Protein chains: 2
Amino acid sequence: MSDRRFVIGLDFGTESGRAVLVDVANGAEVATDVYQYADGVIDRKLPGGKKLPPDWALQNPNDYLETVRRTIPAVLSTFGVTADQVIGVSIDFTACTMLPTDSAGQPLCFAPRWRANPHAWVKLWKHHAAQPEADKINETARRRGESWPQRYGDKYSSEWFFSKVWQILDEAPEVYQAADRMIEAADWIIWQLTGQETRNLCTAGYKAMHDTRAGFVSNDFLGALDPRLADVIDRKMMRGLSPLGACAGGLTEEMAKATGLRPGTAVAVGNVDAHAAVPAAGIAGPGKMLMIMGTSICHMLLGTEKKPVAGMCGVVEDGILPSFFGYEAGQSGAGDILAWFVRTFYPKAGVRIHSTLEKQAAKLRPGESGLVALDWWNGNRSVLVDTTLSGMLLGATLDTTPVEIYRAMIESIAFGTRTIVENFEKYGIAVNELYACGGMAEKNPLLMQIFSDVTGRPIKLARSSQSSALGAAMFGAVAAGAARGGYTTIYEAIPRMGGTKNKVYHPNAKNHKIYTLLFNEYTTLHDYFGRGANDAMKRLRTMKSQTRAPQS
Amino acid sequence: MSDRRFVIGLDFGTESGRAVLVDVANGAEVATDVYQYADGVIDRKLPGGKKLPPDWALQNPNDYLETVRRTIPAVLSTFGVTADQVIGVSIDFTACTMLPTDSAGQPLCFAPRWRANPHAWVKLWKHHAAQPEADKINETARRRGESWPQRYGDKYSSEWFFSKVWQILDEAPEVYQAADRMIEAADWIIWQLTGQETRNLCTAGYKAMHDTRAGFVSNDFLGALDPRLADVIDRKMMRGLSPLGACAGGLTEEMAKATGLRPGTAVAVGNVDAHAAVPAAGIAGPGKMLMIMGTSICHMLLGTEKKPVAGMCGVVEDGILPSFFGYEAGQSGAGDILAWFVRTFYPKAGVRIHSTLEKQAAKLRPGESGLVALDWWNGNRSVLVDTTLSGMLLGATLDTTPVEIYRAMIESIAFGTRTIVENFEKYGIAVNELYACGGMAEKNPLLMQIFSDVTGRPIKLARSSQSSALGAAMFGAVAAGAARGGYTTIYEAIPRMGGTKNKVYHPNAKNHKIYTLLFNEYTTLHDYFGRGANDAMKRLRTMKSQTRAPQS
């Protein structure tokens, strides 16, 4: 026992944070502890403070610190390992989740002076109130003929770093002024663990207009947005970025005391949840697309070249694994669409209704319902990048059953993934196999079979049910290095610590053929409603928001 | 009391038949009795016999006789009138509902020899298994450049007379051969009441290719369908037709004994349920469209000229009221779409859920849901005449509620009616006011208000909740004639016996404006999916039926 070496992966999610204690030799997850954030998602009113406008989503950075303080000691004691046996700590985080701090890294919202100002808090990834800034960023980039938007599928999101920074400047210049640092929460928590500020390449690449070779977007462009933004990178950010798996520093005395780990324990630089899951699934090269399947779906894929794939979320060299271009795409609705269905059709049923519905839906054959849906209940991320699109169901008759609708919705989500797969291939990035992780992948066998049948590709399941945390731990082993019992590179860690389950979903050729016919219908509707031939969804959404707005 | 004169209206519906005893002087409905058909709709297997294929819908003519035998004595005794006080009897029937009989009018299905043959039974209006014959009729008419289809919105339905007759010939030539008469049930029951065969102008015009001036379609055309059909009119039907309100004869001794009425009581010629409702609503001229609102909606309208309105169900001179062209259009889904919604979303709720949903839906404003639907759950009758179309819902988001969907479905049904109204006006037939009768009109105030707001027209409600039976009774008073205490023409009867309630729905101008925007969206989708730009609904339906068919 005492010769076993461990790493800790810390996963900072939307509602909770978790620590996973992992055996460096084989990736075994020997202990897990979860901390439910006390303030959770702050989207209605500030703790003890004022009401927030719609589309806001904040967090309290203290919840991140509490995660560290509570979960690390818990996993150590649960499994009974000594501090000496833990050679590294690493994290993964939601992104872009960012906050303003003072020069010492103290969040502005911790200071009594700023506490009542919502802009002083953490802006969570799903904070959507910076849409006006995102629109102006895209418009300005188009006008100036900037090339960087190609790396983001030609659209910079309201969820991302400069949209959020600029919203602070627009709406609370005093907060912007007071903020010495504007920083990703992923990098901020590493600062808290190590006592020194670092910035990781991954979030900078995917969220903050950074290119691994060319560096950040020009100050000139930022100044064109707002002259006060021209120096934001130099004054409030950092140009020197650390690659994934690099050691950000050693654990501070204070943090060692709080966690029970040894001072100086290696801490890896920050990482993103979806990205960290890729090595955990055993993926070490191109052609294998990982789907992180939950409320929404993230699609992660490695390529050997940088291609301007339309409608993807981003491509970053070394952004997922070193030496590859890391591509990210996504579907903004997935599990949440099925949750909507259950909430709407079975308001009194518990979550177990999903498996009941799955069993009934599994008895249906492809095409039998005569239904086809567009999976845009929460808008469309890839490949249309349009939050104003909405859901559609077509083909209903008087004998249509709820189970048929449920299955049609699953199929529509699979069609959305097939659209992403075919879009990658159209741009020359191969997708030969699918990998999946996340709650939906583990709990919904029918859904997984339909994904396989629709895409015509085998699907493997990541071995771990907490892939992001495991992936983080793997980078922790790399940060610790071989000398301390870890690994020299992530590629050494992958075959030992990552991997898949035995269960593989294989496509049924007959179903695939029928689904291709249905997918053709989906594609026609997708393009008709999504590419401008009929903007009914946008007009209806405008009408909806105008009708709901206070009447003058 | 003893100087009051009464007429009896017999209404033969889909599930039951009813008698209404009506005061000739003022149209007061003094007694009603309903007989639930013992065999109801026969759509799964013949009574005591074999299984029926899909799309079949038969009835047992004995249920019609039982209606006469049971309900007439019941209304007489309930109100305590003497046989002398009842001056006339008249009926209305579903159509085209037809049957083969022997030369004496005995239904073939009553004969032991034919009892086990489903083609010997009554083919109910919603028997849809004659689609191949309807297709061949339309194709042949197109090929020969026939002009008669113009009177049917250019499409002859599988529900209608010659489609059904031809199906008998195609599938059971021995039944066709044995049938001396092929007759509408409306005319058959009159035959049973009077002992003599008559045929009414209305069903012949709307269902059997008859024109009030030009007569029936040519034998040549029928022979082109199948040489054996060339003489069907002359050998198994009747060329001499009786106008609505004409006296078909007097009640037979046998029927008088069975009902308690006097032998010789005037019996009017057969009529159709929707058509009979027009005078009952007090309509005596053009510009007032009556909607008979239930499972589906029939739209009845009088015009002064014959115009070839695309997509209507039919136009017949004198077909509703004498001296006018009677136009009929329809929506194949209405109440049944809302019933589907409740069955699907609230499987355990009773029918009272409709009024709960209405109350909640009434709190929403037009446009607030961001939803728009196509009301084609049961196909589209007018103006597209396409049973292969299906329902669609667009605009759903994660905050969409069932109540919003319910309201969107109501709105879509109203949009369907507005499409019909605008189509009539496009062809020069004015629609100034709407009238409504039927269960949905009486029970769904929100729906009625939405219909008024969407169409921008006031809506009056027929006074009677059994308008068809009342209208039938009114024609019975005409058949009896003034000398016996009735009326000389239906126009004398209308102001006295028909009419509307005090409640009128007036359009809200602001809502009408918003609904016009939504109606534009509806129309774009209506034309896109309904007029050939995207035949997804047809392809999905084909896929559905192929998938459901037994696998080879």
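Our subject is the structure listed above.
What counts as what
Residues numbered from 1 in each chain as written. Chains lettered and ligands numbered in written order. Predicted model: local features only at pLDDT ≥ 70, side-chain atom pairs only at ≥ 80, totals over all residues. Heavy atoms only, no water. Helix = DSSP H or I, 4+ residues; strand = E, 2+ residues; numbered from the N terminus. Buried < 20%, exposed > 50% of the residue type's maximum accessible area, 1.4 Å probe, protein only. Contact = heavy atoms within 4.5 Å. Polar contact = N/O pair within 3.5 Å; in protein donor to acceptor, adjacent residues only side chain to side chain. Buried area = accessible area lost by both parts, 1.4 Å probe. Salt bridge = Lys/Arg side-chain N within 4 Å of Asp/Glu carboxyl O. Pairing = 2+ DSSP bridges. Phe/Tyr/Trp six-rings, centres within 6.5 Å; stacked < 30°, edge-to-face > 60°.

The next subject is the environment of Glu 404 of chain B. Within the fold, Glu 404 of chain B resides in helix H13 (residues 402-426). Residue Glu 404 of chain B is classed as buried on the basis of its relative accessible area, which comes to 4%. When the C-alpha positions of Glu 404 of chain B and Leu 364 of chain B are compared, they lie 7.7 Å apart, and in sequence the two are 40 residues distant. With residues near it in sequence (within four places) discarded, Glu 404 of chain B still touches Arg 548 of chain A together with Leu 364, Glu 368, Ser 369, Leu 371 and Asp 399 of chain B. Among the polar contacts made by the side chain of Glu 404 of chain B, one reaches the main-chain amide nitrogen of Thr 401 of chain B at a distance of 3.0 Å.

Below, the discussion takes up unusual backbone geometry. Cis geometry is found at the peptide bond from Ala 95 of chain A to Cys 96 of chain A, where omega equals -10°. One non-glycine residue, Ser 323 of chain A, adopts positive backbone phi at about 75°. Relative to the helices and strands, Ser 323 of chain A resides in the loop between strand E15 (314-317) and strand E16 (325-331). Positive phi is not limited to glycine here, since Val 385 of chain B has a value of about 50°.

Much of the literature gives interface size as the accessible area that the parts lose upon coming together. Across the contact, 51 residues belong to chain A and 51 residues belong to chain B. Where chain A abuts chain B, roughly 4300 Å² becomes buried across the two surfaces, and 59% of that area is made up of carbon and sulfur atoms. Where chain A touches chain B, the interface holds four salt bridges. The shortest N-O distance in the salt bridge between Lys 544 of chain B and Asp 399 of chain A comes to 3.3 Å. At the level of elements, helix H11 (335-345), strand E18 (391-396), helix H13 (402-426), helix H18 (509-530) and helix H19 (536-548) of chain A are the ones that each hand at least two residues to the side of chain A that touches chain B. Here E18 of chain A pairs with strand E18 (residues 391-396) of chain B via five bridges, running antiparallel. Within the sheet, the bridge partner assigned to Leu 393 of chain A lies in E18 of chain B and is Leu 393 of chain B.

What follows covers the packing of aromatic side chains. Any aromatic ring pair is given by two values, namely how distant the centres are and how the planes are angled relative to each other. What the rule picks out here adds up to 50 aromatic pairs over all chains. Summarising the aromatic geometry, the rings of Phe 519 of chain A and Tyr 522 of chain A are spaced 6.0 Å apart at their centres and angled 15° between planes, so their arrangement reads as stacked. You can see Phe 519 of chain A and its partner Tyr 522 of chain A sitting in helix H18, three residues apart, about one turn around the helix. There is no split in this pair, since Phe 519 of chain A and Tyr 522 of chain A are both buried. Ring geometry for Trp 148 of chain B and Tyr 152 of chain B: centres 5.9 Å apart, planes at 75°, overall edge-to-face.

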